[in-house]
Amino acid sequence: MISKIARHKMIWIAISLSLIYWIMAAIAPVDITLESLNWILVATATVVTIAYAPVAIGAVASGRPDRVEQLVLGIVCSWGATIAMRTWSGVWRFLDQPDWMASSRIFGFFIYISILGGVLHITAPGAADGVIPRKNWVMLGLAIGSGALIAGFFIGAKWGRMLID
């Protein structure tokens, strides 16, 4: 199976596109590379969001989205949050990285919307008539729990460092 995957055309396209990135990254200054990629991502995310918006609007109007509609809602939330985060990042860089933007609750809201998009992606498989399978809830619990555990570790480590200093 691995040899079949290794011979697949898409793998070689992905490898080639990755090599193109690294060649361009070696040539162009990093700040120009990051700014260019950031705004290309904003444009790409905008087109993805617009493409899926009609289905997402229909899903909200239906009141009980099926698994496909729920997945589309997750796509729109995730890519919409990406638009917001990357636009915020681009403006932050443009304004010479003001402190208030780096620690803004607005940016936290964008992250939160991205998490909600992920929740919709996790709960969508197998969902039918508004009912989400138990295993999806378990996977969601594991995702949120492990994320909270990792956050707790870093927050605790930061407090510990502050106490030592």
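The coordinates are above.
Along each chain, residues carry numbers from 1 onward, in the same order as the chain's sequence is written. Local features are withheld for residues below a pLDDT of 70 in this predicted model, meaning they are given only at 70 or higher, and side-chain atom pairs are given and counted only at 80 or more; totals for whole chains, interfaces and linings count all residues. Note that water and hydrogens are dropped before the side-chain values are worked out from all heavy atoms of the structure.

A. Spatial organisation of the overall build of the protein chain. A tally of helices and strands in the protein chain yields seven helices and zero strands. Runs of H or I in DSSP of at least four residues are treated as helices and runs of E of at least two as strands, each being numbered from the N terminus. Traced from its N-terminal end to its C-terminal end, the protein chain shows the element sequence α-α-α-α-α-α-α. Against the compact-globule benchmark of 15 Å for 165 residues, the protein chain has a radius of gyration of 20 Å, which places it well outside the compact range. Each principal axis of the C-alpha atoms in the protein chain carries an extent, and together these give about 50 × 50 × 35 Å. Every one of the 165 residues in the protein chain was classed for burial, and the buried ones make up 20%. It is over C-alpha atoms that the radius of gyration is taken, and the globule rule equals 2.2 Å times the number of residues to the power 0.38. Type-normalised accessible area, obtained with a 1.4 Å probe on protein chains alone, sets the label of each residue: buried when under 20%, exposed when over 50%, and partly exposed for intermediate values.

B. Spatial organisation of the side chain of Ser78. Mapped onto the secondary structure, Ser78 falls in helix H4 (residues 67-94). Contacts were defined at the residue level, with two residues in contact if any of their heavy atoms lie within 4.5 Å. Here Ser78 is in contact with Ser114, Gly117, Gly118 and His121, once residues within four sequence places are set aside.

C. Layout of the packing of aromatic side chains. Centres within 6.5 Å are what make two rings of Phe, Tyr or Trp a pair, Trp counting through its six-membered ring; a difference in plane orientation under 30 degrees is then read as stacked, over 60 as edge-to-face, and the rest as tilted. Counted by the stated rule, this structure contains five aromatic pairs. Seen in terms of ring centroids, Tyr21 and Trp22 are 4.9 Å apart; in terms of plane orientation they differ by 80°. Their pairing is edge-to-face. The exposure class of Tyr21 is partly exposed, given its relative accessible area of 32%. For the pair Trp88 and Trp100, a centre-to-centre distance of 5.9 Å together with 80° between the ring planes defines the contact as edge-to-face. Of this pair, Trp88 sits in helix H4 while Trp100 is found in helix H5 (residues 99-102), placing the two residues 12 residues apart along the sequence. When its relative accessible area of 15% is taken as the criterion, Trp88 is described as buried. Grouped by ring-pair contacts, the aromatic residues Trp88, Trp100, Phe107 and Phe110 constitute a single cluster.

D. View of helix H6 (residues 105-123). An expected span of 1.5 Å times one less than the residue number is assigned to each helix. Here H6 spans 27 Å end to end across 19 residues, near enough to the 27 Å set by a 1.5 Å rise per residue. Every buried residue of H6 is listed here: Phe110, Gly117 and Thr123. Seen from one end, H6 has its buried residues packed into an arc of 150°, which puts them on one side. The inward-facing, buried residues of H6 contact H4 and helix H7 (134-164). Think of a polar contact as two N or O atoms within 3.5 Å of one another; within protein, one of them needs to be a possible hydrogen donor and the other a possible acceptor, and neighboring residues in sequence only count if both atoms come from side chains. Of the residues flanking the start of H6, the one acting as N-cap is Ser104, its side-chain oxygen 3.0 Å from the backbone nitrogen of Ile106. The arc under discussion is defined with respect to the helix axis, by the directions toward the C-beta atoms.

E. Quick look at the packing of helix H3 (residues 30-62) against H4. An axis is simply a line fitted to the C-alpha atoms; with a helix, the fit covers only the stretch in contact. Between two such axes, the angle follows the N-to-C directions and lies from 0 to 180 degrees. For the pair H3 and H4, interaxial distance at closest approach is 7 Å and the crossing angle is 150°. By the criterion of interaxial angle, the relationship of H3 to H4 is roughly antiparallel. Of the two possible hands of crossing, H3 and H4 adopt the one that is left-handed. What sets the label is the angle itself: under 35 degrees gives roughly parallel, over 145 gives roughly antiparallel, 65 to 115 gives roughly perpendicular, and the rest give oblique. Helix crossings get a hand from a simple test, with the near helix turned counterclockwise from the far one by less than a right angle marking a left-handed crossing and a clockwise turn marking a right-handed one.

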